[in-house]
Amino acid sequence: MDLNKTVAVVTGANRGLGHHLAAGLIERGAKVYAAARNPETVDLPGVIPLRLDVTDAESITAAAQIASDVTLVVNNAGISTSAPLIGGDIDDVRREMDVNFYGPLAVTRAFAPVVENNGGGTVLNVLSVLSWFHPAALGSYASSKAAAWAMTDAVREELAPRGIAVSALHVAYMDTDMAAGVPAEQKIDPADVAAQALDGIERGLAEILADDTTRYVKGSLSSSNSE
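Residues numbered from 1 in each chain as written. Predicted model: local features only at pLDDT ≥ 70, side-chain atom pairs only at ≥ 80, totals over all residues. Heavy atoms only, no water.

On to the packing of helix α2 (residues 57–66) against helix α3 (residues 90–117). For any two helices packed against each other, the geometry is given by the interaxial angle and the distance between the axes. Remark: α2 packs on α3, axes separated minimally by 10 Å, with the N-to-C direction vectors making an angle of 25°. Looking at the two axes, α2 sits roughly parallel to α3. Both α2 and α3 take part in a crossing whose hand is right-handed. The segment α2 lies against α3, with Ile-60, Ala-63 and Ala-64 engaging Ala-106, Val-107, Ala-110, Phe-111 and Val-114. Class assignment for the residues of the contact of α2 with α3 results in eight nonpolar, no polar and no charged. (Axes fitted to C-alpha atoms, helices over the stretch in contact; angles between N-to-C directions. Helix = DSSP H or I, 4+ residues; strand = E, 2+ residues; numbered from the N terminus. Parallel < 35°, antiparallel > 145°, perpendicular 65-115°, else oblique. Left-handed = near helix turned anticlockwise from the far one by under 90°. Contact = heavy atoms within 4.5 Å. Nonpolar A, V, L, I, M, F, W, Y, C, P; charged D, E, K, R; others polar.)

A word on the packing of α3 against helix α4 (residues 139–159). Contact geometry of α3 with α4 gives a least axis separation of 8 Å together with a crossing angle of 15°. Considering the angle they form, α3 stands roughly parallel to α4. Along this stretch, α3 crosses α4, giving a crossing that reads as right-handed. Counted together, Asp-92, Val-93, Glu-96, Met-97, Asn-100, Phe-101, Pro-104, Leu-105, Thr-108 and Ala-112 of α3 and Ser-140, Tyr-141, Ser-143, Ser-144, Lys-145, Ala-147, Ala-148, Met-151, Val-155 and Leu-159 of α4 form the full contact between these two elements. In terms of residue class, the contact of α3 with α4 is made up of twelve nonpolar, five polar and three charged.

The way to describe two aromatic rings as a pair is by their centre distance and the angle between their planes. Tallying each qualifying case throughout the model produces two aromatic pairs. Relative to Trp-149, the ring of Trp-132 has its centre 5.7 Å away and its plane inclined at 85°; by these criteria the two rings are edge-to-face. In this pair, Trp-132 is assigned in the loop between β5 (121–126) and α4 and Trp-149 in helix α4, connecting sequence segments 17 residues apart. (Phe/Tyr/Trp six-rings, centres within 6.5 Å; stacked < 30°, edge-to-face > 60°.)

Reading across from one edge, β3-β2-β1-β4-β5-β6-β7 is the order of the seven strands in this open sheet, with parallel pairing throughout. Sheet topology places β3 (48–51) and β7 (207–209) at the edges, where each strand pairs with a single neighbour. Strand-to-strand twist in this sheet, taken as the mean axis angle between neighbours without regard to direction, amounts to 20°. In this structure, β5 lies alongside strand β6 (residues 164–170), joined through six bridges in parallel fashion. Looking across to β6, one finds that Thr-122 is bridged to Ala-165. Against the sheet, α3 touches β1 (7–11), β4 (72–75), β5 and β6, its axis set at about 175° to β4. Each of β5, β6 and β7 touches α4; the most contacted strand, β6, lies at about 160° to it. (Pairing = 2+ DSSP bridges.)

Turning our attention to the nonpolar core. Ranked by internal contacts, the top residues of the largest apolar core, which has 30 residues, are Leu-17, Leu-21, Leu-25 and Leu-169. Of all the secondary structure elements, the ones that give two or more residues to this core are β1, α1 (16–27), β2 (31–36), β4, β5 and α5 (190–203). If we ignore the near neighbours within four places in the chain, the residues touching Leu-169 are Leu-17, Leu-124, Asn-125, Val-126, Leu-127, Ser-128, Val-193, Ala-197, Ile-208 and Ala-210. Ranked by size, the runner-up nonpolar core spans 26 residues in total, among them Leu-50, Ala-112, Val-114 and Val-115. (Core = buried A, V, L, I, M, F, W, Y, C linked by side-chain atoms within 4.5 Å. Buried < 20%, exposed > 50% of the residue type's maximum accessible area, 1.4 Å probe, protein only.)

These figures come from the coordinates and say nothing about function on their own.
Encoded structure:
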């Protein structure tokens, strides 16, 4: 996909990885709708702020009507409550699933007809190394990302006949607010992750593995499956 002159919507574009993805798209010549629950928090020059709450169906529908020229959908918005599945607050578990699984699914369902009507394009889902590695302390987050990975694979098959490619970005810890408590040496620059993601979209990759930890864990899955 040639990102020059592409029209993209990026959810959660007001900070973190979403901010870098939106900035990178602008640099590559794209028109960008920078979506956030509170669009007034979007401070990136050159983008079009767009109100979009991935847990609010009316908000999603309205955003798809406004951004009617989109050909690239970046499902970046996400949360982590650090809730374990047994000992954690069940409302936190539900909230993570609502944002991290149902959110990107709802956005994709709303924008798929838009992208198709504009001649086809791409959906990028921002996932995690925890799609495959499921520590108990982050059981809720890992479960939501594992579900989102399965959703990504199924939606890829469903949307292919409609001219829409679906890519998955998997990454470990980034230097963002979500990983504020993680030691600096364990985190990677979200700007680098964004660049890799956009390169992957341009190359038409179905799966983008952004760091050594993620590549190691994915490789370990293949090894265990062969035993």
